[in-house]
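Architecture and fold: a report
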Amino acid sequence: MNRARQERLTRVGPGTPMGGLLRRYWFPVGTSAELAAGTARRVRLLGEDLVLFRLPGGRPALLAEHCTHRGSSLACGRVDDAGIRCPYHGWQFDPAGRCIDMPAEAPKPALLARAATRAYPVEELGGLVFAYLGPEPRPLLPRYDLFTWDGVLRDIGRALIPCNWLQIMENSVDPTHVEWLHGHHMAAERRDRGLPAPVHYGRRHRRIGFDVFRHGIVKRRVLEGRDEAHDDWAVGHPLVFPCMLRVGTQGQHRFQIRVPVDDTHTLHYWYACYVPPPGRTAPRQDTVPVYEVPWRDAEGRFITDFVDGGDIMAWVTQGPIADRGRELLVGSDRGVTLLRRLLDAELARVAAGEDPLGVIRDPAENTVIEFAQERDKFG
């Protein structure tokens, strides 16, 4: 890959082509459980520093982090019914970004207007707080199935990964790494620790396939001992464009959500739904709990005796931004090349003023967006 294409596909900040594409989508910037009424949190998305806060009445809001006066962080300020006050001089901003008070100045509408800051739409769904940083009119926040199902239990794992978003997403269209990284390598790591070593991940891939659909790419595989009638091929599972993967089987389903924080950091969410077995009812869940996913031990070494830990090791050791000018792609990498071509095509659509893949504007399409998912994964 040449340097210009590498830069185009990986850089996500304001004014970049990929930043422009990704800003056409909603991304989670926090969890509902951690955003108590009257509190504020510093967040970062697509290279922008932001403050996420919740008014005492429950409404969430998102503004540029730094006060337009002297640049102090609004995340250290105080939240009240009207908005958030800067801790330095008390300038107050409402959820729309308007400056509504300057305590040391006489009320001057023109001055207040000049002091306005950037505000972004936020919505809550399924225990996550989503933000949209792109142009208006904004698309609908997609009501993907796991965010909307009733009668299930949920939890949310989270880790800040020090690498670019694209090398994580490319992993999602690289099926054959499973048999070595999660099969042979993880089995050896677990045996070294005296732990049982799963054998099902090591099955050889006889065939892999990919299909572009309305919301992304369906990934398919035929493992040794199976054929195309098996739902691992016939159904497969989707990469939800641009930054999600849906995985799971039977009673447990997950979205892996990769949030581009900036060029060299990705906030990874493991959003899980647990479906109770027949005849059982899930207990009431008022909030969705959140936990940190450990991926380094106390000495700073990668923890590679579980599937996600192995993936994180592979992503991070490619470097903060993988140097694709040095790679040697082979036939089994055709999912990676497909994703890159799809990104190129969607960049062109945005440049032409069109909506990119998966953007939803019709409420009739957005009641619940169900994804097909193979049932018997790896046996």
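Everything numeric in this text was worked out from a predicted model, so none of it was measured.

The secondary structure content of the chain amounts to nine helices and 19 strands. Relative to the 2.2 N^0.38 estimate, which gives 21 Å for 379 residues, the radius of gyration of the chain is 22 Å and therefore close to what a compact globule would have. Counting only C-alpha atoms and orienting by the principal axes, one finds that the chain spans roughly 80 × 55 × 50 Å. Here the chain holds 379 residues, and the buried ones make up 53% of them. Working note: accessible area of the chain is about 17100 Å², and carbon and sulfur atoms make up 52% of it. Averaging the positions of the 50 positive and the 48 negative side-chain charges in the chain gives two centres separated by 2 Å.

Each α-helix winds once per 3.6 residues, and so residues spaced three or four apart point in a common direction. With 16 residues, helix α6 (residues 177–192) should cover 22 Å at 1.5 Å per step; its first-to-last C-alpha distance of 21 Å lies within 8% of that length. Within α6 the residues assigned to the buried category are H177, V178, E179, L181, H182, G183, M186, A187, E189 and R190. Where the residues of α6 are buried, they touch α5 (165–171), β13 (205–213), β14 (216–223) and α8 (307–316). A positive backbone phi angle near 70° is found at G194, which sits one or two residues after α6.

This next bit is on the packing of α6 against α8. Two elements in contact, α6 and α8, have axes whose closest approach is 10 Å; the angle formed by their N-to-C orientations is 115°. Considered as vectors, α6 and α8 are oriented roughly perpendicular to each other. Viewed along their axes, α6 and α8 form a crossing whose handedness is right-handed. Here H177, L181, H182, H185 and M186 of α6 lie close against α8, whose contacting residues are V307, G310, D311, M313 and A314.

Now for the packing of aromatic side chains. Taken as a whole and assessed by the stated rule, the structure comprises eleven aromatic pairs. Ring centres of Y144 and F371 lie 5.4 Å apart, and the angle between their planes is 45°; this geometry places the pair in the tilted category. Of this pair, Y144 sits in the loop between β11 (128–132) and α4 (145–148) while F371 sits in the segment after α9 (334–351), and the two are 227 residues apart along the sequence. Take Y144 and F371: they sit in the same class, and that class is buried. For the ring pair F213 and F371, a centre distance of 6.3 Å and an interplane angle of 80° mean the geometry is edge-to-face. Remark: F371 occurs in the segment after α9 and F213 occurs in strand β13; sequence separation between them is 158 residues. The exposure class assigned to F213 is partly exposed, which follows from its relative accessible area of 25%. Feature note: the residues F130, Y144, F147, F213, F255, Y271 and F371 constitute an aromatic cluster, connected by ring pairs. The ring of F302 carries the charged tip of R296 above its face, separated from the ring centre by 4.4 Å.

Analysis parameters
- Residues numbered from 1 in each chain as written.
- Predicted model: local features only at pLDDT ≥ 70, side-chain atom pairs only at ≥ 80, totals over all residues.
- Heavy atoms only, no water.
- Helix = DSSP H or I, 4+ residues; strand = E, 2+ residues; numbered from the N terminus.
- Rg over C-alpha atoms; globule rule 2.2 N^0.38 Å.
- Buried < 20%, exposed > 50% of the residue type's maximum accessible area, 1.4 Å probe, protein only.
- Areas by Shrake-Rupley, 256 points an atom, 1.4 Å probe, with all protein chains shown as cover.
- Lys, Arg positive; Asp, Glu negative; His and termini not counted.
- Charge placed at Lys NZ, Arg CZ, Asp CG, Glu CD.
- Expected span 1.5 Å × (residues − 1).
- Contact = heavy atoms within 4.5 Å.
- Axes fitted to C-alpha atoms, helices over the stretch in contact; angles between N-to-C directions.
- Parallel < 35°, antiparallel > 145°, perpendicular 65-115°, else oblique.
- Left-handed = near helix turned anticlockwise from the far one by under 90°.
- Phe/Tyr/Trp six-rings, centres within 6.5 Å; stacked < 30°, edge-to-face > 60°.
- Lys NZ or Arg CZ within 6 Å of the ring centre and 35° of its normal.

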